[in-house]
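Chain residues, written in single-letter form:
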Amino acid sequence: MAKFHPDIDLLTEYAAGIMPLAQSACISAHLNYCPQCQRQTARLQDLGAVLFEGLTPEPVGEAQLEAVLARLDEQPPLSYSRAGSVAGGRLPALLQRLMNGDFSELVWKKITSSLRISYVKTGDPNYEFALYHIKAGGRIPEHKHRGSEMTLVLQGGFSDAAGSYHEGDFIYRELDDSHAPTALQTEDCICLAVLDAPLRFTGWQYRWMNSFLQLRAG
Amino acid sequence: MRRAFVEDRESGSVTSWQGSSGRRTDEWSECLTLIASKEDRAAFTRFFRHFAPLIKAFALSGSTMSATHADELVQEVMLKVWQKARGFDPERAAASTWVYTIARNCRTDMFRRLQKFNTPLAAEDFTPDQEPAEPFAMLQTRRSRDRIHELMASLPPDQAQILAKVYMEGKSHAEAAAELDLPLGTVKSRVRLAIQKLQIQIDR
C-alpha cells in the first residue's frame, strides 16, 4: 500500500475538478493504488454535492425539458471500455490508454546511461507528462525544478535524501527543490512525472544537457 | 416533514440545504432506479424539474459561462443521467453526489472543448478503476455527508465563500486568490480550515 500521498490541497483541487488535466491524470493514477486517498476524495466530492444542493436554483424553461425528452432515444456515445485493459496488468487503465498499451510500446529517449524518458501526449498544453525509466541502482544526476513536479512510482522504486518510494507512492515537489534520486538495486524503476517547467541538472558534468531538456507539454 | 420546514425557516440562512433529510434524498434515488429499470419518463421529468435548475445554477456560478452554454450543459448532463442511470448504485452514493459528479465532469469537458484542448480523455475517464466498496466505509461516507450538511451552517462566511469559489465556480486556488485579492497561502489555509471544520479529512 502506498506510503506517500498527495496532500489535502491537491486532493481538493482534484475533487473540485479544478486541477489541470495532466496533474489530474497523475492523481487519478495514484488513487488506483490507494483506497485511503480514494475515500478521502469521495468525501471531498460529497462536499461538492452538498454545496451543489445548496445553490439557488436558476429557472429552466419547459422547452429545455422538451428538448431533452426528445433526445432520450438517442444512442449514447461510445465510451471507452475498461474491461480489456485491466487484464494488461496492474497499471491504471487511464495510463494504459494514454500510453496505447504498456511500457514496451513506448518510444524511449536515452538521457544518461541509466535514465531513459518517454514523453506521453495528454493534450494538456501546460504540463509535460513523461515516464522515467531508471536502471536498477542507477542515479539521476542532481537536478532542480523551476516549477512543480508530481511523481508517481509505477514499478520498482527509488530513494533520495527525503525517503524511499515504492509502487503507488506519490511525491510532489515545488520550486527549486534539488534532489538526486537513485533507483533501488533490485529492480528497474519506472515513474510517471508531471512537470510545468523543465528540470535543470545542477552538476557541471551534466549542465550541457539542460538545453536539450525543453518542456514537452501537450 | 413539517418540523423540517419550520427549522428551515427559523435558521434564516441565505441558502437552504435541501436534501438534508434522508427522505428527500431517497426520493431521488428512487427516481434514478425507476429510470434505470423501467425507462420511466415521468420519473425522469420529476428528476429534471428538481436538478436541472441546480445544474444551471452550477453552470452559471462564476459567470464565465454564457447562458447558451449553460443551457447546453443542462441538456448534456440530463441526457447523461438518463443514459447512465443503470450505473447508479444507491448503496454507494447519494443521488445528488452522483448528479453533481456528472455535472462537474461535463463542465470540465465543456471548458476543455472551448479552450480547444486536443485530448483523448474525457473527465469521466479519470474515475479510478475500482472504487472501494466495504460496507463499513460506505456507512461512514453516509454519516460524513450528513455531518457536512449539519456543519455547513456554522462555517465562517469567508471560508464558505472560498469553498463556493473553488467548488461551484471552478476557480483554482490561485484564481480565487487573485479575485479576492488575498495571498495564495491564505486561500489554501481557508480551504483547509473549512475542510477541518466540516470533519472531512480522514486521519492517516
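What counts and how
Residues numbered from 1 in each chain as written. Chains lettered and ligands numbered in written order. Predicted model: local features only at pLDDT ≥ 70, side-chain atom pairs only at ≥ 80, totals over all residues. Heavy atoms only, no water. UniProt positions renumbered as here; feature names shortened; annotations may be inferred. Helix = DSSP H or I, 4+ residues; strand = E, 2+ residues; numbered from the N terminus. Buried < 20%, exposed > 50% of the residue type's maximum accessible area, 1.4 Å probe, protein only. Contact = heavy atoms within 4.5 Å. Areas by Shrake-Rupley, 256 points an atom, 1.4 Å probe, with all protein chains shown as cover. Core = buried A, V, L, I, M, F, W, Y, C linked by side-chain atoms within 4.5 Å. Salt bridge = Lys/Arg side-chain N within 4 Å of Asp/Glu carboxyl O. Buried area = accessible area lost by both parts, 1.4 Å probe. Polar contact = N/O pair within 3.5 Å; in protein donor to acceptor, adjacent residues only side chain to side chain. 1 Å grid on protein atoms, 1.4 Å probe; cavity = no way out; pocket = protein on both sides within 12 Å on 5 of 7 lines; lining within 4 Å. Points joined across faces, edges and corners; volume = space filled by probe spheres on them. Nonpolar A, V, L, I, M, F, W, Y, C, P; charged D, E, K, R; others polar. Expected span 1.5 Å × (residues − 1). Arc of directions from axis to C-beta.

- With an unreviewed UniProt entry as reference, chain B is termed RNA polymerase subunit sigma-70, source organism Kineobactrum sediminis.
- Recorded in UniProt for chain B, the comment headed Sequence similarities (unreviewed entry) runs: "Belongs to the sigma-70 factor family. ECF subfamily."

- Chain A is annotated in an unreviewed UniProt entry as Transcriptional regulator of Kineobactrum sediminis.

**What to know about the overall build of chain A**
And step 1. Across its full length, chain A holds six helices and twelve strands.
And step 2. Over its C-alpha atoms, taken along the principal directions, chain A stretches across nearly 70 × 35 × 35 Å.
And step 3. A buried classification covers 56% of the 218 residues belonging to chain A.
And step 4. Taking contacts inside chain A between residues at least 6 apart in sequence as the whole, the part at least 24 apart equals 67%.
And step 5. With the model as given, the accessible surface of chain A reaches about 9,500 Å², and the carbon-plus-sulfur share is 52%.

**Description of the nonpolar core**
And step 1. In terms of nonpolar packing, the biggest core is built from 104 residues, with A:Leu47, A:Phe52, A:Leu131, B:Phe44 and B:Tyr167 touching the most fellow members.
And step 2. A total of eleven residues in this core trace back to one element, the largest contributor, which is helix H3 (residues 41–60) of chain B.
And step 3. Not counting residues up to four positions away in its chain, the partners in contact with A:Leu131 are A:Met99, A:Phe103, A:Leu106, A:Trp108, A:Arg116, A:Ile117, A:Ser118, A:Val120, A:Leu154, A:Ile190, A:Cys191 and A:Leu192.
And step 4. In this structure, A:Tyr132, A:Cys189, A:Phe201 and A:Leu213 belong to the second largest nonpolar core, which totals 20 residues.

**Considerations on the pattern of salt bridges**
And step 1. If you walk through the whole model with that rule in mind, you get 18 salt bridges over all chains.
And step 2. Here A:Glu53 ties to B:Arg145 by a salt bridge, and the two come within 3.1 Å at their closest N and O atoms. Taken as a pair, A:Glu53 in helix H3 (residues 35–53) and B:Arg145 in helix H6 (residues 135–152) lie in two separate chains rather than in one. Side by side, A:Glu53 and B:Arg145 carry an identical accessibility label, which is buried.

**Focus: unusual backbone geometry**
Residue and element names in this part refer to chain B.
And step 1. Notably, Asp-181 is not glycine yet its phi reads approximately 55°, a positive angle.
And step 2. Within the element layout of this structure, Asp-181 appears in the loop between helix H8 (173–180) and helix H9 (184–197).
And step 3. You will see that Gln-199, though not glycine, has its phi angle at about 55°, which is positive.
And step 4. By the secondary structure assignment, Gln-199 is in the segment after H9.
And step 5. Judged by its relative accessible area of 39%, Gln-199 falls in the partly exposed class.

**Details of the UniProt feature "domain: RNA polymerase sigma factor 70 region 4 type" (unreviewed entry) in chain B**
And step 1. In the numbering adopted here, UniProt assigns the feature "domain: RNA polymerase sigma factor 70 region 4 type" (unreviewed entry) to residues 146–198 of chain B.
And step 2. The span residues 146–198 of chain B carries 77% helix and 0% strand; its end-to-end C-alpha distance comes to 10 Å.

**Overview of the interface of chain B and chain A**
And step 1. At the junction of the two partners, chain B supplies 76 residues and chain A supplies 69 residues.
And step 2. Carbon and sulfur atoms supply 62% of the area that chain B and chain A bury against each other, a total of about 6,700 Å² over both sides.
And step 3. Per-residue buried area on chain B facing chain A is highest for B:Phe126, B:Tyr167 and B:Arg204; these three make up 11% of the total on that side.
And step 4. A salt bridge links A:Glu62 to B:Arg49; the shortest N-O distance between them is 2.8 Å.
And step 5. Joining chain B to chain A, the criterion identifies 27 residue pairs in polar contact (both at pLDDT 80 or more).

**Comments concerning the layout of surface pockets**
And step 1. By volume, the second largest pocket amounts to about 930 Å³.
And step 2. Contributing to the lining of the second largest pocket are 36 residues, with A:Ile18, A:Met19, A:Pro20, B:Ser172 and B:Glu175 lying nearest its centre.
And step 3. Mapped by element, the contributors of at least two residues to the lining of the second largest pocket are helix H1 (8–16) and helix H2 (21–33) of chain A together with helix H5 (95–114), H8 and H9 of chain B.
And step 4. It is H5(B) that contributes the most residues to the lining of the second largest pocket, five residues altogether.
And step 5. When the residues that make up the lining of the second largest pocket are grouped by side-chain class, the tally is 13 nonpolar, ten polar and 13 charged.

**Observations concerning H9(B)**
And step 1. Taking 1.5 Å per residue, 14 residues should reach 20 Å; H9(B) reaches 20 Å between its end C-alpha atoms and fits that length.
And step 2. All buried positions along H9(B) are accounted for by B:Val187, B:Arg190, B:Val191, B:Ala194 and B:Ile195. For H9(B), the buried positions fall inside an angular range of 135° around the axis, keeping them on one side.
And step 3. Each element contacted by the buried residues of H9(B) is listed here: H1 and H3 of chain A together with helix H7 (157–168) and H8 of chain B.

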